[in-house]
Amino acid sequence: MSTKSKFLRKYEHTVYRMAMILLQDDAKAIEVCKSVLCQLWHDEGFSCLDERKQHNRMIWLVSNAATIQHQIA
């Protein structure tokens, strides 16, 4: 498994669950999940953060992406 695959697998389920809690819509949650995982992948400092700060960062990103998804709908 590539480094990218391991990274995405590590956070995919958590990000998806956060999005589902906020949006209550599978299709929208999947779009938010893709967007957030892409942002995390390109965030060079993310993997250097401690686990609590990573979790807080994910919450912030999911919340912002969910707000945008909600405004689009």
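It should be noted that the structure appears before, not after, this text.
Residues numbered from 1 in each chain as written. Predicted model: local features only at pLDDT ≥ 70, side-chain atom pairs only at ≥ 80, totals over all residues. Heavy atoms only, no water.

(A) Structural context of helix H3 (residues 51-72). Between its first and last C-alpha atoms H3 spans 32 Å; for 22 residues at 1.5 Å apiece the expected length is 32 Å, and the two agree. Listed in full, the buried residues belonging to H3 are Gln 54, Met 58, Leu 61, Val 62, Ala 65, Ala 66 and Gln 69. All buried residues of H3 project into a common sector of 135 degrees when viewed along the axis, lining one side. Exposed side chains of H3 directed beyond 90 degrees from the buried face belong to Arg 52, His 70 and Gln 71. At the N-terminal end of H3, a side-chain oxygen is found 3.0 Å from the backbone nitrogen of Arg 52, two or three residues along, and the residue is Asp 50. (Helix = DSSP H or I, 4+ residues; strand = E, 2+ residues; numbered from the N terminus. Expected span 1.5 Å × (residues − 1). Buried < 20%, exposed > 50% of the residue type's maximum accessible area, 1.4 Å probe, protein only. Arc of directions from axis to C-beta. Polar contact = N/O pair within 3.5 Å; in protein donor to acceptor, adjacent residues only side chain to side chain.)

(B) Molecular detail of the packing of aromatic side chains. One pass over the full model with this rule turns up one aromatic pair. Between Tyr 11 and Phe 46, the aromatic rings sit 5.1 Å apart at their centres with planes inclined by 75 degrees, giving edge-to-face as the arrangement. Highlighted residues: Tyr 11 in helix H1 (residues 3-23) and Phe 46 in the loop between helix H2 (26-42) and H3, separated in sequence by 35 residues. Both residues of the pair, Tyr 11 and Phe 46, count as buried. (Phe/Tyr/Trp six-rings, centres within 6.5 Å; stacked < 30°, edge-to-face > 60°.)

(C) Structural view of the side chain of Gln 69. Residue position: Gln 69 is located in helix H3. Gln 69 gets classed as buried once you look at its relative accessible area, which sits at 19%. In contact with Gln 69, other than residues within four places in its own chain, are Leu 23, Lys 28, Glu 31 and Val 32. (Contact = heavy atoms within 4.5 Å.)

(D) Local environment of the pattern of salt bridges. Under the defined criterion, the tally for this structure stands at three salt bridges. The salt bridge involving Glu 31 is made with Lys 34; its shortest N-O contact spans 3.1 Å. With Glu 31 and Lys 34 both in helix H2, this residue pair falls three residues apart, about one helical turn. Look at Glu 31 and you get partly exposed, because its relative accessible area is 38%. Asp 43 is the partner of Arg 57 in a salt bridge, and the nearest nitrogen-oxygen pair spans 3.1 Å. Note that Arg 57 is positioned in helix H3 and Asp 43 in the loop between H2 and H3, a separation of 14 residues in sequence. (Salt bridge = Lys/Arg side-chain N within 4 Å of Asp/Glu carboxyl O.)

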